[in-house]
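# Coordinate analysis (summary)
Okay, here's what each chain looks like letter by letter:
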Amino acid sequence: MEEFRRAYGRLCAAGGAAPQEAVLQRLRELGGAPARGRLDLAAQSLSLETCGALGRLLPGAAPFAEVALSDCGLSEEGVKLLLHGLCSNTTVKSLDLKGNNLRTVGAEALGKLLRQNKSIRSLILEWNSLGVWEEGFSFFCQGLGANKFLQRLDLRNNQINHQGAGELAMALKQNTSLQELDLRWNNIGLLGGRALLNCLQSNRTLKRLELAGNNVPSDILKAVEQAMDHNQDRQTILRETQNRAYILSKEVLSLKDEKTKQFLDLMDTIDKQKEEIARSGRTSAARVSQLQEALDEQHSIMNSLKAKLQMTEAALALSEQKVHNLGELLNATKQEQTSMAERHFMELQQQKQEGADREGKLLHDLSAASEKNLLLRNQVDELEKKCKIQQDQLFQVKQDLTNTTAELKLRAVQAEERLEMEKRRFKQSLEDMESLRLKEVDHMTQHMEASERSMQDRIQRLEAIRIALEEELSQVKAAALTERGQAEEELIKVRNQARLEEQRLEHLEEKLRLMTESRDEAQNCCLKQKQMVAEAQAKANQLSLHADGLRRRIEELQQDLNSKEEEKVTEVNKVKVELQEQIGHLQAERTAQEGLREKISALERQLKVLSSNHREALLDKEGEISLLLEKLRMKEADISRMREEEAQRASFLQNAIMAYVQGSPLGAHSSRK
């Protein structure tokens, strides 16, 4: 307030006038006014310079919510300057201009203020003279019609006549914010009351209209009170419906938010499960690839062993070639027994070919060859004398043969040791892989059981939410039924009022009939007394004039009846329209609830589809795991079979070599020595 006082002093000094001491004193007394938000200068005679300074201080966001300027004796120019400053103000909510004798200029300034200001909610204009000048008051009414923010207007004791009341009625038809209007102690009269009553048919916001002390008939006052009651009831119903709609919209939004959150949570869990399934698939694929690499390594080891066996077979073939060369030398020395040597050589070649073709029958062929060699020993003994020269050579060859056989034995022993080591290593790796596979299968089964339990729990929670939503829907339906019952009761009340109006119309028609009968009787009396003296004619003229007055009265009553009938029809139509709007809102809410129910069913179907897909994926994964286990078992069976076959072949080869070495004539000769 101190800053406001200083600014007031500066503006007065800039205008070349001294600030008023009374105003400064009042501003000093109102030191706490900014906290209370009230500028009270009531009963202070404000000069033109003070009004100009205040008009320049009030625009914008002034530190006041209420301005009281009652009984200040303001001039026309001072009021204009003050109201011009308030046109652009955004903080003042209440303005009191009581008892300032405002006239044409003041009314025009007030009209401009009402057009431009958007913050004033209460305007007090008691004890002024706004209704005396019709042009200024019409401008004021135009501003009131254009205003969308004023809620309370006090126009008591402003000399407003029926024409001003008509202007006010036109403004009230356009205004949609005014709730209280005080017109007591003016000169509105019958015509002004009718104009105001007619404007209430289109105005739905005015809740309080005071018309006492205006010479307005009691029936019009009662009609005005009924219209105010209708407006108040309509406002309360509108507020209740708006509150209910707001509450329902909040509930629907909360339900939507909850459903979206639940759906997002469900999608997150599904994405997590998909990621876990993909991760488990990748780990299983990595495990399978590792197993495949191990199998490939085992195959490479087996291939290397096969290569080593082939090398041993090649070495054996070389040794056989050496034996063949020795046989040729023996055949050269045994020229006398060429036929027997050739037969023996052919048999040996056949045995060698059969041993190369069929390793399983090599023992039988070697035993047959040994028997034949025993048969030929006698013949060889006879030829020993001839072969003494070549014994040294044969001994050397035998030593070579024994060296080769020893080397072959050492190699076979080394190969067996390597085979045993590879067997142990492969068995250990298989055991490790089997344990890892069992652990992974247990982990996967546990994880899938936990996920199934969580999905069942979530389904149960969604079911509980669905039941709660159905209960809320039943409650909303019950509330809608109660509202519909209330609306039907209101309709019954309106119909009862219409019946009362019809009864009143019948009573008035009866009165009219009686009056017409009396008029006819008077006319008959006039016809009968035409021949009477001038006094009777004067009486007849008086009766005719009285009849004309009665006719005019009847016409006025007929017009009133027509207006009331139109009002009744409009009220019934309005009630029907309001009922149809309420039914439409209820149907819209019902469709929204059905949409929510369809969304819930769609979410449940999606849950079922996702759970079935999840189960199918689990079954597919289990089938793939069983197939991989079957493949592993088949690979292990193949490896064991190949090992057995390789061991049999190695044993067959070893036995054949030993039998061949022992059954050859060189072996017998060396044993004899």
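### Digging into the overall build of the protein chain
Looking only at helices and strands, one finds 16 helices and seven strands in the protein chain. Since a compact globule built from 673 residues should have a radius of gyration of about 26 Å, the 62 Å found for the protein chain marks it as more spread out than a globular shape. The dimensions of the protein chain, computed from C-alpha atoms along their principal axes, are 210 × 85 × 35 Å. Every one of the 673 residues in the protein chain was classed for burial, and the buried ones make up 31%. Intrachain contacts of the protein chain at a sequence separation of at least 6 include 84% that bridge at least 24 residues. For the protein chain, the computed accessible surface area is about 41,700 Å², with 54% contributed by carbon and sulfur atoms.

### With respect to helix H7 (residues 134–146)
Taking 1.5 Å of rise per residue, 13 residues should cover 18 Å, and H7 covers 18 Å from first to last C-alpha, within 8% of that figure. Buried within H7 we find Gly136, Phe137, Ser138, Phe140, Cys141, Gly143, Leu144 and Gly145. On its buried side, H7 packs onto helix H6 (104–116), strand E5 (152–154) and helix H8 (162–174).

### Considering the nonpolar core
Within the largest apolar cluster, 68 residues are counted, with the highest numbers of intra-cluster contacts made by Leu110, Leu125, Phe140, Leu153, Leu155, Leu183 and Leu196. With near-sequence residues (within four places) excluded, Leu183 lies in contact with Leu155, Ile160, Leu168, Ile188, Leu196, Leu209, Glu210, Leu211, Ala212 and Asn214.

### So, a nonpolar patch on the surface
A contiguous nonpolar surface patch, about 240 Å² in accessible area, is contributed by Phe263, Leu264 and Met267. Tracing the chain through its elements places Leu264 in helix H10 (residues 218–333).

### Quick word on the environment of Lys259
Among the structural elements, Lys259 can be located in helix H10. Under the relative-accessibility criterion, Lys259 is labelled buried at 14%. Separated by 203 residues in sequence, Lys259 and Leu462 have C-alpha atoms that sit 9.6 Å apart. Not counting residues within four places of it along the chain, the set of residues in contact with Lys259 comprises Ile465, Leu469, Ile600 and Leu603.

### Considerations on the sheet that holds strand E6 (residues 180–182)
Across the sheet, seven strands lie side by side as E1-E2-E3-E4-E5-E6-E7; this open sheet has parallel pairing. Looking at which strands have only one partner, the edges of the open sheet turn out to be strand E1 (38–40) and strand E7 (208–210). Between one strand axis and the next, the sheet turns by 0 degrees as a mean value, whatever way the strands run. Relative to E6, E5 is paired through three bridges, and the arrangement is parallel. Bridge pairing links Arg152 to Glu180 in E6.

### Notes on helix H5 (residues 76–86)
Every buried residue of H5 is listed here: Glu76, Gly78, Val79, Leu82, Leu83, Gly85 and Leu86. Buried positions along H5 lie against helix H4 (48–57), strand E3 (94–96) and H6.

### Thoughts on the side chain of Asn214
With respect to the secondary-structure elements, Asn214 resides in the loop between E7 and H10. Taking relative accessible area as the criterion, Asn214 reaches 0% and is therefore assigned buried. Polar contacts involving the side chain of Asn214 include one to the main-chain carbonyl oxygen of Ala212, which spans 3.1 Å. Aside from chain neighbours lying at most four places away, what touches Asn214 is Leu183, Arg184, Trp185, Asn186, Asn187, Ile188 and Gly189.

### Side note on the state of the cysteines
A full pass over the atoms with the stated rule returns zero disulfides. Not engaged in a disulfide, the cysteine Cys12 finds its nearest cysteine sulfur in Cys51; these two sulfurs lie 10 Å apart. Judged by its relative accessible area of 3%, Cys12 is buried. Free cysteine: Cys141, not disulfide-bonded; nearest cysteine sulfur from Cys199 at 11 Å.

### A few points about the packing of aromatic side chains
The description of two aromatic rings rests on the distance between their centres and on the angle between their planes. In this structure the tally under the stated criterion is two aromatic pairs. Each ring, one from Phe4 and one from Phe64, has its centre 4.9 Å from the other, and the planes form 85 degrees; the classification is edge-to-face. Of the two residues, Phe4 sits in helix H1 (residues 2–14) while Phe64 sits in the loop between H4 and strand E2 (66–68), which places them 60 residues apart along the sequence. Neither residue differs from the other here; Phe4 and Phe64 are each classed as buried. The ring of Phe139 has Arg115 lying over it, and the distance from NZ or CZ to the ring centre is 6.0 Å.

### A word on the confidence of the model for the protein chain
Within the protein chain, residue pLDDT values average 82, and 92% of them lie at 70 or more. Confidence drops under a pLDDT of 50 for residues 666–673, and excluding neighbours within four residues, the segment shows 14 contacts in the predicted structure.

### Some details on the packing of H1 against helix H2 (residues 21–29)
A pair of packed helices is characterised by two quantities: the angle between their axes and the separation of those axes. Interaxial distance between H1 and H2 falls to 9 Å at its minimum, and their mutual angle equals 165 degrees. In terms of axis orientation, H1 runs roughly antiparallel to H2. In the packing of H1 onto H2, the handedness of the crossing is left-handed. Only Val23, Leu24, Leu27 and Arg28 of H2 make contact with H1, whose side of the interface consists of Phe4, Arg5 and Tyr8.

### Examining the packing of H4 against H5
Their axes nearest at 7 Å, the elements H4 and H5 cross at an angle of 10 degrees. One way to sum up the angle between H4 and H5 is to call them roughly parallel. Contacts between H4 and H5 involve Leu48, Cys51, Gly52, Leu54 and Gly55 from the first element and Glu77, Gly78, Leu81, Leu82 and Gly85 from the second. For the contact of H4 with H5, the per-class residue count stands at five nonpolar, four polar and one charged.

Rules behind the numbers
- Residues numbered from 1 in each chain as written.
- Predicted model: local features only at pLDDT ≥ 70, side-chain atom pairs only at ≥ 80, totals over all residues.
- Heavy atoms only, no water.
- Helix = DSSP H or I, 4+ residues; strand = E, 2+ residues; numbered from the N terminus.
- Rg over C-alpha atoms; globule rule 2.2 N^0.38 Å.
- Buried < 20%, exposed > 50% of the residue type's maximum accessible area, 1.4 Å probe, protein only.
- Contact = heavy atoms within 4.5 Å.
- Areas by Shrake-Rupley, 256 points an atom, 1.4 Å probe, with all protein chains shown as cover.
- Expected span 1.5 Å × (residues − 1).
- Core = buried A, V, L, I, M, F, W, Y, C linked by side-chain atoms within 4.5 Å.
- Patch = residues over 30% accessible without salt bridge, like charges linked within 9 Å, V, L, I, M, F, W, Y side chains within 5 Å.
- Salt bridge = Lys/Arg side-chain N within 4 Å of Asp/Glu carboxyl O.
- Pairing = 2+ DSSP bridges.
- Axes fitted to C-alpha atoms, helices over the stretch in contact; angles between N-to-C directions.
- Polar contact = N/O pair within 3.5 Å; in protein donor to acceptor, adjacent residues only side chain to side chain.
- Disulfide = S-S within 2.5 Å.
- Phe/Tyr/Trp six-rings, centres within 6.5 Å; stacked < 30°, edge-to-face > 60°.
- Lys NZ or Arg CZ within 6 Å of the ring centre and 35° of its normal.
- pLDDT = per-residue confidence, 0-100.
- Parallel < 35°, antiparallel > 145°, perpendicular 65-115°, else oblique.
- Left-handed = near helix turned anticlockwise from the far one by under 90°.
- Nonpolar A, V, L, I, M, F, W, Y, C, P; charged D, E, K, R; others polar.

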